[in-house]
Amino acid sequence: MISLGCDHGGYELKEIIKKHLEEKNIEYKDFGTYSEESVDYPEYALKVAESIRNGESDLGILCCGTGIGVSIAANKVPGIRAAVVGDVFSARACKEHNNANIICLGGRVTGPGLALMIVDEWLNAEFSGGRHQKRIDKIAKIEKRYEKI
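Residues numbered from 1 in each chain as written. Predicted model: local features only at pLDDT ≥ 70, side-chain atom pairs only at ≥ 80, totals over all residues. Heavy atoms only, no water.

S.K.: Pulling in residues and values, what's your account of the overall build of the protein chain?
M.R.: Each helix and strand counted, the protein chain has six helices and five strands in total. When the helices and strands of the protein chain are listed from N to C terminus, the series reads β-α-β-α-β-α-β-α-β-α-α. If one aligns the C-alpha atoms of the protein chain with their principal axes, the spans along those axes are about 40 × 30 × 25 Å. Here the protein chain holds 149 residues, and the buried ones make up 45% of them. For the protein chain, the proportion of contacts with a sequence separation of at least 24, taken over those separated by at least 6, is 69%. When the accessible surface of the protein chain is totalled, it reaches about 7,900 Å², and 49% of it is carbon and sulfur. Of the side chains in the protein chain, 20 bear a positive and 22 a negative charge, and the two mean positions are spaced by 11 Å. (Helix = DSSP H or I, 4+ residues; strand = E, 2+ residues; numbered from the N terminus. Buried < 20%, exposed > 50% of the residue type's maximum accessible area, 1.4 Å probe, protein only. Contact = heavy atoms within 4.5 Å. Areas by Shrake-Rupley, 256 points an atom, 1.4 Å probe, with all protein chains shown as cover. Lys, Arg positive; Asp, Glu negative; His and termini not counted. Charge placed at Lys NZ, Arg CZ, Asp CG, Glu CD.)

As structure tokens, then:
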């Protein structure tokens, strides 16, 4: 299952992505927000990140104005690898090389057509493992180091 979340700046794009996932019969859970009324993006980034950390979802898609704020917030949760993605190559690479479990898109900087291509490319890509796993393990060590503080 895929968790979705957004703030007001990403609401319209999240709704477009939801429709796209429905058309592809991909299961998702929408953690909000549910309108264009101003909200604080860390709340929604945390809901999506925690759904992945606790095993409720496998992947997540977050949207805000630029994708940057939700990425910063989501990456505070250990085990989350949230990547801001604005092109198809990066969508594939962030899954193949970084095993990104959340992609973050900007509703004010990424058009709907490109956003859907990014989502599809990311969903269809697979983690390459190998030398990339060693790097993911190093990221996990950094997280563990700071969990103790």
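S.K.: Now, about the pairing of strand E3 (residues 59-64): what can you tell me, with residues and values included?
M.R.: Of all six residues in E3, six are buried, a share of seventy percent or more. The alternating pattern of E3 places Leu59, Ile61 and Cys63 and Gly60, Leu62 and Cys64 on opposite faces, both of which are buried. Relative to E3, strand E1 (residues 2-6) runs parallel, the two sharing five bridges. Bridged to Leu4 within E3 is Ile61. (Pairing = 2+ DSSP bridges.)

S.K.: Provide a residue-level description of the sheet that holds E1, including the pertinent values.
M.R.: In space, the five strands of this open sheet follow the order E2-E1-E3-E5-E4, with parallel pairing throughout. Edge positions in the sheet fall to strand E2 (28-30) and strand E4 (82-84), since each has one partner strand and no second. Pairwise comparison of adjacent strand axes, ignoring direction, gives a mean angle of 20° for this sheet. The strands touched by helix H2 (residues 41-53) are E1, E3 and strand E5 (102-106); relative to E3, the strand with the most contacts, the crossing angle is about 175°. (Axes fitted to C-alpha atoms, helices over the stretch in contact; angles between N-to-C directions.)

S.K.: Please provide a residue-by-residue account of a positive patch on the surface, values included.
M.R.: Positive charge collects at one region of the surface, where Arg131, Lys134, Arg135, Lys138 and Lys141 lie side by side. By the element assignment, Arg135 lies in helix H6 (residues 131-147). (Patch = residues over 30% accessible without salt bridge, like charges linked within 9 Å, V, L, I, M, F, W, Y side chains within 5 Å. Salt bridge = Lys/Arg side-chain N within 4 Å of Asp/Glu carboxyl O.)

S.K.: So, the pattern of salt bridges: which residues are in play, and what are the values?
M.R.: Using the criterion set out here, one finds six salt bridges in the structure. Glu15 is paired through a salt bridge with Lys18; the nearest N and O atoms lie 3.4 Å apart. Of the two residues, Glu15 and Lys18 are both situated in helix H1 (residues 11-23); the distance of three residues between them amounts to about one turn of the helix. A salt bridge links Asp30 to Lys18; its shortest N-O distance comes to 3.0 Å.

S.K.: So what's going on with the packing of helix H4 (residues 88-96) against helix H5 (residues 112-124)? Residues and values would help.
M.R.: Direction vectors running N to C along H4 and H5 enclose 25°, while the axes themselves pass 8 Å from each other. The angle between H4 and H5 falls in the class roughly parallel. Crossing angle aside, the handedness with which H4 passes H5 is right-handed. Between H4 and H5, the contacting residues are Val88, Ala91, Arg92, Cys94 and Lys95 on the first element and Leu114, Met117, Ile118, Glu121, Trp122 and Leu123 on the second. Along the lines of polarity and charge, the residues of the contact of H4 with H5 split into eight nonpolar, no polar and three charged. (Parallel < 35°, antiparallel > 145°, perpendicular 65-115°, else oblique. Left-handed = near helix turned anticlockwise from the far one by under 90°. Nonpolar A, V, L, I, M, F, W, Y, C, P; charged D, E, K, R; others polar.)

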